[in-house]
Amino acid sequence: MNYPPNPPASTGSAPAVGSPGPAAPEADLLALAIALSHRLPLTPLPPHLLTLTARLVQAEAVALWLAQTEQRCLDLLGSLGLASQPLTALQRLAYEDPVLVSRTAHRATPHQVPDLDQAADLADPDRAVARSHGLSSLLAVPLLTPGEVVGVLLWGARRPWHFGPAVFRRAQAVAALWAGALAREVLLRQGQQQARHLRLLREVAELLTATADSEQLVARVCDRVAAVLGELCGLGLCEPGTDRLQLLGLSARSPDLAARARAALAAQPPRLGAGLLGQVAATGHPLLIADIRREPLPLALRSSLESLGLTSTLAVPLRVQGKVIGVLSIGTVSPDRRLTPADLATAQTLAVLSAQALESARLYAAVTRERQRLTVVLDRAPFGVVIAAAPDGRIVLVNRPVVAIVGRPPQPGERVTDYLSACAIFTPHYRPLPPAEWPLYRVLAGRPEARAELVVRCPDGEERVLLDQTIALPGSAESERLAVTFLTDITAVRRAERLREEFISIIAHDLRAPVTVIQGYASLLRTWVERLQAPETVRRAVEHVHTSAQRLGRMISDLLDASRIEARRLRLELQRFDLVPYLRELLARLRPALEPHPVRLEIRAPSLPVLADPLRVEQVLTNLLSNAAKYSPPTAEITVEARQEDMMAYVAVTDRGPGIPPEELPYIFERFVRGRRRPAEGLGLGLYIARGLVEAMGGRIGADSRPGQGTTIFFTLPLAGWGPQKT
C-alpha cells in the first residue's frame, strides 16, 4: 500500500473515538492484548474491545467481520460508531462481493480508501455507509493466521488521508492481536461443535438401537437433532409406487415453529422433484443452503422456506443398498445460527445411521408379521412343532400342541432338554431315551433328517405315543443350523393297532393248536409214503402238505411275535454271554441251510460280552442270514462282521445282492413290507420282528445299501454291564 509523502493536514475534523494522549497507544495496545488473551465472546462483542480497537488508530468507526472459510463468506460480528441500518447490506458478505471488506478477505491484503471523494471504484454499499456517517477515509485489514484469513477489521475516519504509515503499522499490530484471538476462539468453537456432533451421533446411535418401532425411532432422532444441530428437523420416507414422501417425524424447538411446518407440509405435500425434500429425494444429492436470503433459489422454494422463518437449511438422502428411501431435513431460524458444511457432514452420518435403523425396523416388522402368521398357522396345526437352534438346542419356537404336552410355554432362550425335563421319554419298548438319541439332537449334530417313535410320559402322568420327524434347516454357518421337529400324536392309532394285534394274537394262538396237529400228521404221512413207496404224485402231494404246514406254522409264529412286540408283551430272558464263540457256533449250525452260499465270519474283537436273550439273537441272525441268501445270486458270499463300537457290540450281515432302492430303504423295518428286488414268500414281518427284538434288548438296527452292490443289515447290543438288567 502506497502513501503520499505529505498527506493533507486535518481541517478541523472531530477527534477520534476516545482520543488518546501521546503515550496512550502503547497502554491501549497492552490493554487490548490482555483483554484478547482471555476467552472471547463473539455474540455480542464486548464494546470496550471495539473502543480500544478504534482508539488505537484514532478512528471514529470500526467494524469486525468473521470469515466462514468453508462457505467463503464473512459475518459481521460487531461495530462501533456505525448505525445498524446502513450496515444491513454488509451483515453477510461473500468473498466475491465487490465491497471493500470482501476484496480484502479474498486477496488477503489490506485495502485503503484515502479520500472518499477521489475513490471512483468504491462499491455503492461502502460509499453509502461512509456517507451516512461522515467518513472520508477507510482502512480494511485482513486478520491473518498461517494459511487462512479468519476475519477483517474495517476502520473509518472523518479526516481524509488519516491512515498514514504509522497509523497503518499500528492497525496491523491491532489486526494481529485480533487474528490470534479469533483463530483461538474459532478452533475452540470448532472443537466444541465437533464434541456436540459426536455426542449427538452417540446419542442417536443409542436411540436407534433402543427400539424397533419406526415411528418412535424417527421421533427420537428428530427430537435430538432439533435440540442440538438445528431448530427444526423433519424426516420423510418415499412411498413405494408413488411420487409422494410421507412425513414420518417432525420436531422443533418451539411449538409454533412445529405447527407452521406441519401446516406448510399439509398445504403442499412433498413430492419427488418438487421442493427441498423432493429435489433431494429425486437426485439423491445432499443440499446445503447456508443463507436462504442470499442464495439464488427458485421463487417457490424461497417463499416456502421464508414462510417458516428459516435462515438456513439442509437436506440429505437416506439410502439403503444404493436406493433413496427418504430424506432428513434440518433448518435454523436464529439470525446468528447458520448451518455449515460440518453440520452437513454430521447430518449425512445421521442419515446413514437412520437409514440402517429404519431398514432394520422394516425387516424386523416384516419378520414379526411373518412369525405371527406362522404362529397362527402352527398353533392350529394338528401336530406339534419344535424349532431349535444349534449347537445346544436353544428353542426358537414351539406351537400350542407342544405346550399342551409339556404344560407350560418355554422361557426365552431355554434349551429343549430343560424344557422337556418334566417329561419322561422312552422308546416303544420303554427303554429310556437319552437326549443324544432324540431325532432333534441327531439332526443338530449334523444329520439331514431323523425320525423315531417315542413314548412320552407327560407331567400330568398321561402317556402319549408320538411320531417324531425332524429335518434340518441349514444356515450360512454351522452355528446357525436349525432343526424342525414335527410331533404327530399317534396314541389313538397305536391303541387301535394294539387292539388289532391282540385280536390277531388271539386268532394266531387259536390257530396254533390245529396247525401243530396238521404239521404232526403231515410229517407222519410223509414217513408212511416213503415206507410204502407210494407213487410219485402221492409223494409230491404229501410233501406239499408238509411244506405248507411248516410255512403256516412260521407265519403264525411271526404273527404272534409281531403282536407281542406291538402290545409291549414280548418276554426276554436276558443273559450275559460272549458273542464271539456264540457266533462261531451259530454259523456252524446254519451253514448247511445257507448252501450254496459261503459264509465268512470276520471278528474284530477278542471278546464281546453282551447282555441279551440268546434265543432272540439267534432269531434275529437267522432272519438276516436267510434274507441275505434269499436275495443274493447263487454261490454269492455272505459276510458276518462283529466288532465293538463305543459301548455296544456291533454285528453286520452283508450280501452281494441287487441292493435296496434308496426310496425303499427307510421303510424296510416296517410291518408287512417286502422288498421288490425279487418275489419272496412270507408276510413281510421278518425285519420288523428283528427290529422289535433288537430294540427290546437295548440295541438298534439299521441298513446300508447301494443298488447293484449289495446290502448290509447291522444291529447293536449293549455290552454286559451297560444295558438293561430286567427281563
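Coordinates for the structure precede this section.
No experiment lies behind these values; they were computed from the predicted model shown.

What counts, and at which threshold
Residue positions are counted from 1 within each chain, in the order its sequence is given. Restriction of local features to residues with pLDDT of at least 70 applies here, the model being predicted, together with a cutoff of 80 or more for giving and counting side-chain atom pairs; totals for whole chains, interfaces and linings are based on all residues. The side-chain values count all of the structure's non-hydrogen atoms but skip hydrogen atoms and water molecules. A fitted line through C-alpha atoms represents every axis, and for helices the fit uses only the stretch in contact; the resulting angles, taken between N-to-C directions, go from 0 to 180 degrees. To qualify as a helix, a DSSP run of H or I must reach at least 4 residues; to qualify as a strand, a run of E must reach at least 2; elements of each kind are numbered from the N terminus. By definition in this entry, angles of less than 35 degrees are roughly parallel, angles greater than 145 are roughly antiparallel, angles of 65 to 115 are roughly perpendicular, and the rest are oblique. Handedness of a crossing is defined here by the sense of rotation of the near helix relative to the far one, left-handed for an anticlockwise turn of less than a right angle and right-handed for a clockwise turn. When checking whether two residues touch, look at their non-hydrogen atoms; a contact exists if any pair is within 4.5 Å. In a helix, the anticipated span is given by 1.5 Å times the number of residues less one. Throughout this description, buried means an accessible area under 20% of the type-specific maximum (1.4 Å probe, protein chains only), exposed means over 50%, and partly exposed covers the range between. A pair is scored as a salt bridge if a Lys or Arg side-chain nitrogen falls within 4 Å of a carboxyl oxygen belonging to Asp or Glu.

1. Observations concerning the packing of helix α16 (residues 579–594) against helix α17 (residues 614–631)
A pair of packed helices is captured by two measures, namely the crossing angle of their axes and the spacing between those axes. Contact pair α16 / α17: the axes reach a minimum separation of 11 Å and the direction vectors enclose 40°. Classed by the angle they form, the pair α16 and α17 counts as oblique. As for the relative orientation of α16 and α17, their crossing is right-handed in sense. Two secondary-structure elements touch here, α16 through Tyr582, Leu583, Leu586, Leu587, Arg589, Leu590 and Leu594 and α17 through Pro614, Val617, Glu618, Leu621, Thr622, Leu625, Ser626 and Ala629.

2. Topic: α17
Taking 1.5 Å of rise per residue, 18 residues should cover 26 Å, and α17 covers 26 Å from first to last C-alpha, within 8% of that figure. Buried within α17 we find Pro614, Arg616, Val617, Val620, Leu621, Asn623, Leu624, Leu625, Asn627, Ala628, Ala629 and Tyr631.

3. Side note on the pattern of salt bridges
Taken as a whole and judged by the stated rule, the model has 29 salt bridges. Here Glu96 ties to Arg72 by a salt bridge, and the two come within 3.3 Å at their closest N and O atoms. One end of the pair, Glu96, is in the loop between β3 (92–94) and α3 (100–107); the other, Arg72, is in the loop between β1 (61–68) and β2 (73–80), with 24 residues separating them in the sequence. The exposure class of Glu96 is exposed, given its relative accessible area of 55%. Given the relative accessible area of 34%, Arg72 is considered partly exposed. Counted as one network, the salt bridges with shared partners bring together Arg600, Glu602, Arg604, Glu637, Glu641, Arg643, Glu645 and Arg656.

4. A few points about unusual backbone geometry
Residues Ala390 and Pro391 are joined by a peptide bond in cis, for which omega reads 0°. Omega for the bond connecting Glu595 with Pro596 falls within 30 degrees of zero, at 15°, which places this linkage in the cis form. Positive phi values are uncommon outside glycine, yet Asp646 reaches one of about 60°. You can see Asp646 is positioned in the loop between β21 (638–645) and β22 (648–654). Judged by relative accessible area, Asp646 falls into the exposed class, the value being 66%.

Interpretation note: all reported values are geometric properties and have no functional meaning in isolation.
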